[in-house]
Amino acid sequence: MVAIAAMLATTAAAKKQPVPKVYIFGMAATFNDTIVHFTPIQEVDSAWMDTKTDFLLGREVYSYQLRDYLAAQQMPHRTCIVVADTDRKKLEKKYLKMKKLYTQPKPEAQHYDVRYLTDNDFHFKAYDASAFIEEADEETAQMPVKPAKKSKKTKLEGPAGGK
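The written sequence of each chain sets the order in which its residues are numbered from 1. For a predicted model such as this one, the threshold for reporting local features is a pLDDT of at least 70, and the threshold for listing and counting side-chain atom pairs is 80 or more; totals across whole chains, interfaces and linings nevertheless cover every residue. Values reported for side chains reflect all heavy atoms of the structure, with hydrogen atoms and water molecules removed beforehand.

## So, the pairing of strand β3 (residues 42-50)
Looking along a regular strand, one sees the side chains alternate between the two faces of the sheet. Pairing between two strands is assigned when DSSP locates at least 2 bridges connecting them. A run of DSSP states H or I qualifies as a helix once it reaches four residues; a run of E qualifies as a strand once it reaches two. Both are numbered from the N-terminal end. Bridge count for strand β1 (residues 16-29) against β3 is 8 bridges, and the pairing is antiparallel. Bridge pairing in β3 links Y23 to E43. Strand direction decides the pairing type here: β3 and strand β4 (residues 55-56), joined by 2 bridges, are antiparallel. Bridge assignment links M49 to a residue of β4, and that residue is L56. With antiparallel pairing between neighbouring strands as the criterion, β3 and β4 make up a hairpin whose turn holds 4 residues, including D54 at a positive phi of roughly 60°.

This is the structure in structure tokens:
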């Protein structure tokens with residue numbers, strides 16, 4: 001059982017690796033006002049991706065980078081998201097779809113003040129997720145393996161269950 005847990009941890013680690021280029025953009029909004037910020041699509045070198053799910057590892061770190069930048073610009077309490085992909089064309093489609101949600105007016109809908117950050121304003125910095133992956137692998141390897149449940153069969157003798 002322990003060998004199986006170790007093998008699963010190794011398999012999980014093999015699916016999380018750095019990729020040479022990831023394209024990423026961020027969006028920030030708040031419930032307190034109508035200002036929405038978009039970063040341009042940026043190229044980040046040596047970002048970590050889960051190749052099985054195509055998820056960017058450390059997404060929260062990238063969103064915190066944007067949140068901290070905006071807080072330093074006197075715009076605190078923003079909810080920030082990041083979207084990433086290894087294919088720039090796919091990411092451009094996602095970017096345009098998200099921008100459309102905030103820029104195209106709809107009847108009786110709230111209008112947003114959309115602001116675009118430039119690369120000179122803000123740029124994402126690569127996050128090295130290798131330490132996080134090693135820590136997660138150690139936790140997975142140390143997880144206790146539950147023994148299989150034994151089924152209990154009771155012997156019934158006679159019509160009343162007695163001897």
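## A short note on the side chain of Q42
Mapped onto the secondary structure, Q42 falls in strand β3. Contacts: residue pairs with any heavy atoms within 4.5 Å of one another. Ignoring any residue separated from it by four or fewer positions in sequence, one finds Q42 in contact with V22, Y23, I24, D119, F122, H123 and F124.

## Quick notes on the packing of aromatic side chains
Here the aromatic set is Phe, Tyr and Trp, taking the six-membered ring for Trp, and pairing holds for ring centres within 6.5 Å; pairs whose planes are under 30 degrees apart are stacked, those over 60 apart are edge-to-face, and all others are tilted. For the structure on display, the rule yields 8 aromatic pairs. Judged by centre distance (6.1 Å) and plane angle (65°), the rings of F38 and Y102 are edge-to-face. Of this pair, F38 sits in strand β2 (residues 35-38) while Y102 is found in helix α3 (residues 88-103), placing the two residues 64 residues apart along the sequence. Exposure remark for F38: the relative accessible area of 0% places this residue in the buried category. The classification of residues rests on relative accessible area computed with a 1.4 Å probe and restricted to protein chains. Under 20% of the type maximum is buried, over 50% is exposed, and intermediate values are partly exposed.

## Quick word on the side chain of T39
Turning to its location among the elements, T39 is positioned in the loop between β2 and β3. Looking at T39, the relative accessible area reads 1%, which means it is buried. Contacts described as polar in this section are N or O atom pairs within 3.5 Å, which, within protein, must combine one atom able to donate a hydrogen with one able to accept it, while residues neighboring in sequence count only if both atoms come from side chains. Polar side-chain contacts of T39 include one of 2.7 Å to the backbone nitrogen of G26. Beyond its immediate stretch of four places on either side in the chain, T39 contacts F25, G26, L66, Y95, L117, F122 and F124.

## Details of the nonpolar core
Only buried residues count toward a nonpolar core. Its members are Ala, Val, Leu, Ile, Met, Phe, Trp, Tyr and Cys residues joined through side-chain atoms within 4.5 Å. In terms of nonpolar packing, the biggest core is built from 19 residues, with V22, I24, L56, Y62, L66, L70 and F124 touching the most fellow members. Within the residue set of this core, elements represented by two or more residues are β1, β3, α2 (59-72) and β5 (79-85). Once you skip the residues sitting within four places of it in the chain, L66 turns out to touch G26, M27, A28, T39, C80, L117, F122 and F124. Among the nonpolar cores identified, the runner-up in size contains 12 residues, and F25, A29, V36 and L91 belong to it.

## Quick notes on α2
In a regular helix each residue adds 1.5 Å, so 14 residues correspond to 20 Å; α2 covers 20 Å between its end C-alpha atoms and thus fits that length. By the burial criterion, the buried members of α2 are Y62, S63, Q65, L66, Y69 and L70. Mapping the buried residues of α2 onto a view down its axis gives an arc of 145°, with all of them on the same face. Contacts made by the buried residues of α2 are with β1, β2, β3, β4 and β5. With its phi angle positive at about 65°, Q74 sits one or two positions after the end of α2. One less than the residue count of a helix, multiplied by 1.5 Å, gives the span that helix is expected to have. Arc, as used here, means the arc of the directions from the helix axis to the C-beta atoms.

## Focus: α3
In this model α3 runs 22 Å from its N-terminal to its C-terminal C-alpha over 16 residues, within 8% of the 22 Å that 1.5 Å per residue would give. Every buried residue belonging to α3 is among L91, Y95 and M98, and all of these are buried. Viewed end-on, α3 has its buried residues packed into an arc of 70°, placing them on one side of the element. In α3, the exposed positions that point more than 90 degrees away from the buried face belong to K89, K93, L96 and K97. Against β1, β2, β5 and β6 (113-116) lie the buried residues of α3. Capping of α3 at its N-terminal end is provided by D87; its side-chain oxygen lies 3.0 Å from the backbone amide nitrogen of K89.

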